[in-house]
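A structural walkthrough
Each chain, written out:
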Amino acid sequence: MSKLLWILSIVTLPLLMVKYYRFAEIPATHLFLLAAGLMNIGTILKLKSGKIEKVIYSTFILFIVIAFFDLIRTKQTNIDFIFEFKLIVLLITIKLYSFFMSKFGINLFIKWLSVSSGIILLGLLFRSLFIFKAPFFVLDAEIITESGKNQAAFYLALTIPFMFWYFKKQLMSTIWKVVLGCTLAVHLFAAIYVQSKGLLLALIISFGITILFYTNVKFKLTDLLKLGIVSLIPFYFIFSNEIIDLQGFKSDINSLLNQDVADNNSSEERLGLLSKSYNHFSENPFLGIGTNNFAQIEQKATHNNYLQILTENGLIGFMIFIGYLIFSHRKLVKLKSKSVNFLLVINSFWALTIYLFVINGFFNAITTIVLALIIFYEKSVNYSVKTIEYES
């Protein structure tokens, strides 16, 4: 029964891209996950935590404590505990995701996620292109705008890397190769269609870092041909489809490359937020202005996780966060292996680290996937997860 609940949690995970299928603001994937966790609570409590795992938990716990402390200086009219409750739920889900990845294997997780994600993306793309006939990715059926595209872009930035390395390196049947190749093509199509500069930068830089510094990968001619065919499919449909208007996206990219901020509304707005963040940070450099207070004051987020923490939690919170990133990276490098697991984890780690420069996404349900993968990898290297006795 716990395996069925785990699979249901995996296949509903891509629904994090949309705001639907939530109960009391808790995503369906987490409800299935919590139910499966309750069936294995005895084993979960007995398991020892690795060093990276302890640091991840400690980071969340420290920010939960900081958030409760900051309630005494909140700018909210009515004090609530929604953010604190959210962090507690995310902390639990990280533990459960990593546990079930170890119990049932990473193959099961990536295969089911790839297929379900491909199907859900196909549905969203079909609705956007042929029902709404919109030149952009529509995620909210009630409002035909680009609202919510950042969440979809963030999801794609964190999932494409580990799907790619699994597809390239893992031994599997021809049928699965075809299925996963098609789902990867759908994800690449969506990655372009969502028209996000942050997504583009996160994928290019994270793949570049992974290939240059962590692999001895030599792409054979056949591999390049396969990759070219997989990539050609989404590119063909995008650039041959008159419905999709990429002119605005192209002009944004050109102005970004030419450093012409005036012609790039998004970059100009972010520079303004940078200035406001610095002003608020200078008010209280050590403790910051308080958790979630920037949005209350400015009515906007900083669109930069590092800046958000520095502004709201000061140098203390910033050092905690940067300390986690540095420690995790150092430990991952020490645990480096020739397995596909290392490549998909380190690539996803860098994609997350880079994308956080353009989104406030660390305390996000999507981020828990990468954090759980890191914990799973640490356990898989330190000891064989197959030797652990789990409850049925």
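Residues numbered from 1 in each chain as written. Predicted model: local features only at pLDDT ≥ 70, side-chain atom pairs only at ≥ 80, totals over all residues. Heavy atoms only, no water.

Considering the packing of helix α9 (residues 197-213) against helix α15 (residues 340-355)
- Packing of α9 against α15 brings their axes to within 8 Å, and their N-to-C directions diverge by 140°. Between α9 and α15, the interaxial angle falls into the category oblique. For α9 against α15, the interelement crossing comes out right-handed. Two secondary-structure elements touch here, α9 through Gly-198, Leu-199, Leu-201, Ala-202, Ile-205, Ser-206, Phe-207, Ile-209 and Thr-210 and α15 through Leu-343, Ile-346, Asn-347, Trp-350, Ala-351, Ile-354 and Tyr-355.
- Classifying every residue of the contact of α9 with α15 by side-chain character gives twelve nonpolar, four polar and no charged. (Axes fitted to C-alpha atoms, helices over the stretch in contact; angles between N-to-C directions. Helix = DSSP H or I, 4+ residues; strand = E, 2+ residues; numbered from the N terminus. Parallel < 35°, antiparallel > 145°, perpendicular 65-115°, else oblique. Left-handed = near helix turned anticlockwise from the far one by under 90°. Contact = heavy atoms within 4.5 Å. Nonpolar A, V, L, I, M, F, W, Y, C, P; charged D, E, K, R; others polar.)

Regarding the packing of helix α7 (residues 149-169) against α9
- At a minimum axis separation of 9 Å, α7 and α9 run at an interaxial angle of 30°. When the interaxial angle is binned, α7 and α9 end up roughly parallel. Remark: the crossing between α7 and α9 carries right-handed chirality. Contacts between α7 and α9 pair Ala-153, Leu-156, Ala-157, Ile-160, Pro-161, Phe-164 and Trp-165 from the former with Leu-199, Ala-202, Leu-203, Phe-207, Thr-210 and Ile-211 from the latter.
- Among the residues making up the contact of α7 with α9, the classes are represented as twelve nonpolar, one polar and no charged.

Section: the packing of aromatic side chains
- Applying the stated rule across the entire model yields 26 aromatic pairs.
- Here Phe-126 and Phe-130 contribute two aromatic rings whose centre-to-centre distance is 5.3 Å and whose plane-to-plane angle is 45°, an arrangement assigned as tilted. Here Phe-126 and its partner Phe-130 are both found in helix α6 (residues 106-131), four residues apart, which amounts to about one turn of the helix.
- With centroids separated by 4.4 Å and ring planes inclined at 35°, the aromatic side chains of Tyr-306 and Phe-357 adopt a geometry described as tilted. Here Tyr-306 is found in helix α14 (residues 305-334), whereas its partner Phe-357 is found in the loop between α15 and α16 (367-382), with 51 residues between them in sequence.
- Its guanidinium or amino end placed over the ring of Phe-167, Lys-177 lies 4.7 Å from that ring's centre, counting from NZ or CZ. (Phe/Tyr/Trp six-rings, centres within 6.5 Å; stacked < 30°, edge-to-face > 60°. Lys NZ or Arg CZ within 6 Å of the ring centre and 35° of its normal.)

Notes on the pattern of salt bridges
- Taken as a whole and assessed by the stated rule, the structure comprises four salt bridges.
- When the shortest N-O distance is used, the salt bridge between Lys-379 and Glu-53 registers 3.8 Å. Of this pair, Lys-379 sits in helix α16 while Glu-53 sits in helix α4 (residues 51-69); the two residues are 326 residues apart in sequence, bridging distant segments of the chain. An identical accessibility class is assigned to Lys-379 and Glu-53; each is buried.
- Ionic contacts of the salt-bridge type, sharing partners, join the residues Glu-53, Lys-95 and Lys-379 into one network. (Salt bridge = Lys/Arg side-chain N within 4 Å of Asp/Glu carboxyl O. Buried < 20%, exposed > 50% of the residue type's maximum accessible area, 1.4 Å probe, protein only.)

Description of the environment of Gly-208
- In this fold, Gly-208 is placed in helix α9.
- On the accessibility criterion, Gly-208 (26% relative accessible area) is partly exposed.
- Along the backbone, Gly-208 and Asn-347 are 139 residues apart, and their C-alpha atoms lie at a distance of 9.2 Å.

Here's the deal with a nonpolar patch on the surface
- Nonpolar side chains collect at one region of the surface, where Phe-69, Ile-72, Phe-286, Leu-287, Leu-315, Ile-316 and Met-319 lie side by side and expose about 710 Å² of accessible area between them.
- The element contributing the most residues to the nonpolar patch is α14, with three residues.
- By the secondary structure assignment, Leu-287 is in the loop between α12 (265-283) and α13 (293-298). (Patch = residues over 30% accessible without salt bridge, like charges linked within 9 Å, V, L, I, M, F, W, Y side chains within 5 Å. Areas by Shrake-Rupley, 256 points an atom, 1.4 Å probe, with all protein chains shown as cover.)

Brief notes about unusual backbone geometry
- Positive phi, normally seen in glycine, also occurs at Gln-195, with a value near 55°.
- With respect to the secondary-structure elements, Gln-195 resides in the loop between α8 (174-193) and α9.
- Of note, His-303 is a non-glycine position whose phi angle comes to about 60°, a positive value.
- Locating His-303 in the fold gives a position in the loop between α13 and α14.
- Relative accessible area serves as the criterion here: at 25%, His-303 is assigned to the partly exposed category.

Some remarks on α7
- Between its terminal C-alpha atoms α7 stretches 30 Å, which fits the 30 Å expected from 21 residues at 1.5 Å a residue.
- Residue Thr-159 marks the point of greatest curvature in α7, where the axis turns by about 30°; the proline Pro-161 follows within four residues.
- Among the 21 residues of α7, 17 are classified as buried, and the element is accordingly described as predominantly covered. (Expected span 1.5 Å × (residues − 1). Bend = angle between axes of the 7 residues up to and from the residue.)

Notes on a positive patch on the surface
- On the surface, Lys-48, Lys-51, Lys-54, Arg-330 and Lys-334 cluster together into a patch of positive charge.
- Looking at the positive patch, the elements that each hand over two or more residues are α4 and α14. (Lys, Arg positive; Asp, Glu negative; His and termini not counted. Charge placed at Lys NZ, Arg CZ, Asp CG, Glu CD.)

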